[in-house]
Amino acid sequence: MIIEQVRIIDPSRKIDDVRDLYIDGDQFSAGPVAGDTVRIDGRGLVAFPGLIDMHVHLRDPGLTYKEDILTGTAAAAAGGFTTVACMPNTKPVLDVPAQLEYVTEKARTASARVFPVAAVTIGQEGKALTDFTTLKAAGAVAFSDDGVPVDSAAMLREAMRQAHALAIPIISHCEDREMVQNFGVNEGAVSHKLGLPGRPAVAEAIQVARDILLAQDTGAHVHIAHVSTAQSVELIRRAKADGVSITAETCPQYFTLTEDTLLTRGPLARVNPPLRTAADQTAIIAGLQDGTIDAIVTDHAPHSAAEKTGSITDTMSGMIGLETALGLTLTALYHTGKLGLMEVARLMSTAQAEILGLPYGTLEPSSPADVTIFAPDESWTVEPDSFYSKARNTPFGGMTLQGRVRYTICGGKLQYQYIP
């Protein structure tokens, strides 16, 4: 396969150049392959290393009325993603090797690579640690209790010790559970206007600070999930300056929306952690610009229509994001001059491969042929009814975005193609 005269953006080699990109079987090649007749016209298009999302919820096993591995990865491919890491809050929880093996076996016919994130504690109950060694051997690329923070500092410290010994990261959802309870909106002007209790920003920052100290104490690699507050960004920035082994992610909703979106989009804008203030949004963008935040993920969280219909207090938290993430990032950050394409590729691919220790995130010859090809200036309107995902719970419906996926190639195979 030859992608002709495409603009190649490869952070792993700091390449930004218009040239032909060659694929030989399931790998990139340094030159054309004899007899190759598959050609893609790349003129005016951009090629990134295949996008990676290290924080998705595929709801499989047990909650497949919301999403499953095949529909979730079809949505991933449509959004330009070639690799995803799925969180363990399924039924049953991904806390024993058999459950991880179920995921990897079903993913053999999926439209994107799928790597499981195993639970830190059995059943995500915070009472006893899982067997990290056997779970890593079964394919876990990280450990996380996801939306259920590990409340016990002693237990998390031991988990970090074990993870450090295995050279595998802990992904931490940082919120003080007693402080946030099940509130659906940021504590502030909007919660006051709606007459609702809110999730205070300090509830996130407290746990971020705790986990930084534990990472410093144990030497473990801790990855802070879905950073949403200015306080968290500053804590992570200082920790990195002090040499703590810490990385962090955020999601498009935290640099494109604010808490005011709850007033117009209602339950579709309910997510954990909640949408914050304009000042928090500014801090998130600054963290992306200066490298404090390492990754842009989706936290793709599918729910049924019934689960997202009703009042803000009675509906479930979460929004889908795989099919809008690249468009939102390009629209909000690249087309506004806040980030260049090299930085976007690093945040959405190369850095995530490095965090998880995966051999992707590069267009280098002999590496796996995962590539996302997109039209950076093409405008399109978000139409949830046309999504590949089973779910429709997005607050971005009807929004016009600039930057559209044209081709998604995973392991040398064309998994998605959009023909205008």
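Heads up: these notes are all about the structure in this document.

The rules we used
- Residues numbered from 1 in each chain as written.
- Predicted model: local features only at pLDDT ≥ 70, side-chain atom pairs only at ≥ 80, totals over all residues.
- Heavy atoms only, no water.
- Helix = DSSP H or I, 4+ residues; strand = E, 2+ residues; numbered from the N terminus.
- Buried < 20%, exposed > 50% of the residue type's maximum accessible area, 1.4 Å probe, protein only.
- Contact = heavy atoms within 4.5 Å.
- Areas by Shrake-Rupley, 256 points an atom, 1.4 Å probe, with all protein chains shown as cover.
- 1 Å grid on protein atoms, 1.4 Å probe; cavity = no way out; pocket = protein on both sides within 12 Å on 5 of 7 lines; lining within 4 Å.
- Points joined across faces, edges and corners; volume = space filled by probe spheres on them.
- Arc of directions from axis to C-beta.
- Axes fitted to C-alpha atoms, helices over the stretch in contact; angles between N-to-C directions.
- Left-handed = near helix turned anticlockwise from the far one by under 90°.
- Nonpolar A, V, L, I, M, F, W, Y, C, P; charged D, E, K, R; others polar.
- Salt bridge = Lys/Arg side-chain N within 4 Å of Asp/Glu carboxyl O.
- Phe/Tyr/Trp six-rings, centres within 6.5 Å; stacked < 30°, edge-to-face > 60°.
- Pairing = 2+ DSSP bridges.

Let us now look at the overall build of the protein chain. Assigned secondary structure in the protein chain consists of 13 helices and 15 strands. The principal-axis extents of the C-alpha atoms in the protein chain amount to approximately 65 × 45 × 45 Å. Across the 420 residues in the protein chain, those meeting the buried criterion constitute 60%. For the protein chain, contacts bridging at least 24 residues in sequence account for 75% of all contacts bridging at least 6. Put simply, the protein chain shows about 15400 Å² of open surface, and 51% of that area lies on carbon and sulfur atoms.

A few words now on the layout of surface pockets. The computed volume of the largest pocket comes to approximately 680 Å³. Lining of the largest pocket is provided by 31 residues; of these, Asn89, Gly147, Asn272, Met316 and Ser317 occupy positions nearest its centre. Put simply, the second largest pocket is a space of about 300 Å³. Ala78, Glu323, Trp380, Arg404 and Tyr416 are, among the 18 residues lining the second largest pocket, the residues nearest its centre.

Moving on to the environment of Gly79. For Gly79, the location among the structural elements is in the loop between α1 (69–78) and β7 (81–86). Given a relative accessible area of 3%, Gly79 falls into the buried group. In sequence terms Gly79 and Phe387 are 308 residues apart; their C-alpha atoms lie 9.8 Å from each other. Apart from residues no more than four positions distant in its own chain, Gly79 is found in contact with Leu51, Leu322, Glu323, Leu326 and Val405.

Looking now at helix α12 (residues 325–334). The buried fraction of α12 is high, at eight of ten residues. Among all positions of α12, only Ala325, Leu326, Gly327, Leu328, Thr329, Leu330, Ala332 and Leu333 are buried.

Moving on to helix α2 (residues 97–106). Buried residues of α2: Gln99, Leu100 and Val103, and no others. When α2 is viewed along its axis, its buried side chains cluster within an angular range of 100 degrees and face the same direction. Contact partners of the buried residues in α2: α1, β7, β8 (113–116) and α3 (132–137).

Here the focus is the packing of α12 against helix α13 (residues 341–356). Following both chains from N to C, one finds α12 and α13 inclined at 140 degrees, their axes separated by 11 Å at the closest point. For the pair α12 and α13, the sense of crossing is right-handed. Contacts between α12 and α13 involve Ala325, Leu326, Thr329, Leu330 and Tyr334 from the former and Leu341, Val344 and Met348 from the latter. Broken down by class, the residue content of the contact of α12 with α13 amounts to seven nonpolar, one polar and no charged.

Now for the pattern of salt bridges. All chains considered together, the criterion is met by 22 salt bridges. Across the salt bridge formed by Arg108 and Glu105, the nearest N and O atoms sit 2.7 Å from each other. Residue Arg108 is classed as exposed on the basis of its relative accessible area, which comes to 63%. Here the salt bridges share partners, and the residues they tie into one network are Glu234, Arg237, Arg238 and Asp290.

Quick look at the packing of aromatic side chains now. Inspection of every chain in the model, using the stated rule, returns four aromatic pairs. Considering the side-chain rings of Phe48 and Phe374, the 4.8 Å spacing of their centres and the 70 degrees angle between planes classify their relative orientation as edge-to-face. Placement of Phe48 in strand β5 (residues 46–49) and of Phe374 in strand β13 (residues 371–381) is noted, with a sequence separation of 326 residues between them. Measuring from centroid to centroid gives 5.9 Å for Tyr388 and Tyr416, while their planes differ by 85 degrees, and the two rings are edge-to-face.

Attention now goes to the sheet that holds strand β12 (residues 295–296). Read from one edge to the other, the open sheet built from four strands follows the order β9-β10-β11-β12, with strand pairing classed as parallel. Looking at strand neighbours, the two that pair on one side only are β9 (170–172) and β12, the edges of this open sheet. Of the strand pairs in this sheet, strand β10 (residues 222–224) and strand β11 (residues 246–250) are connected by three bridges, and their pairing is parallel. Paired with Val222 across the two strands is Ile246, which belongs to β11.

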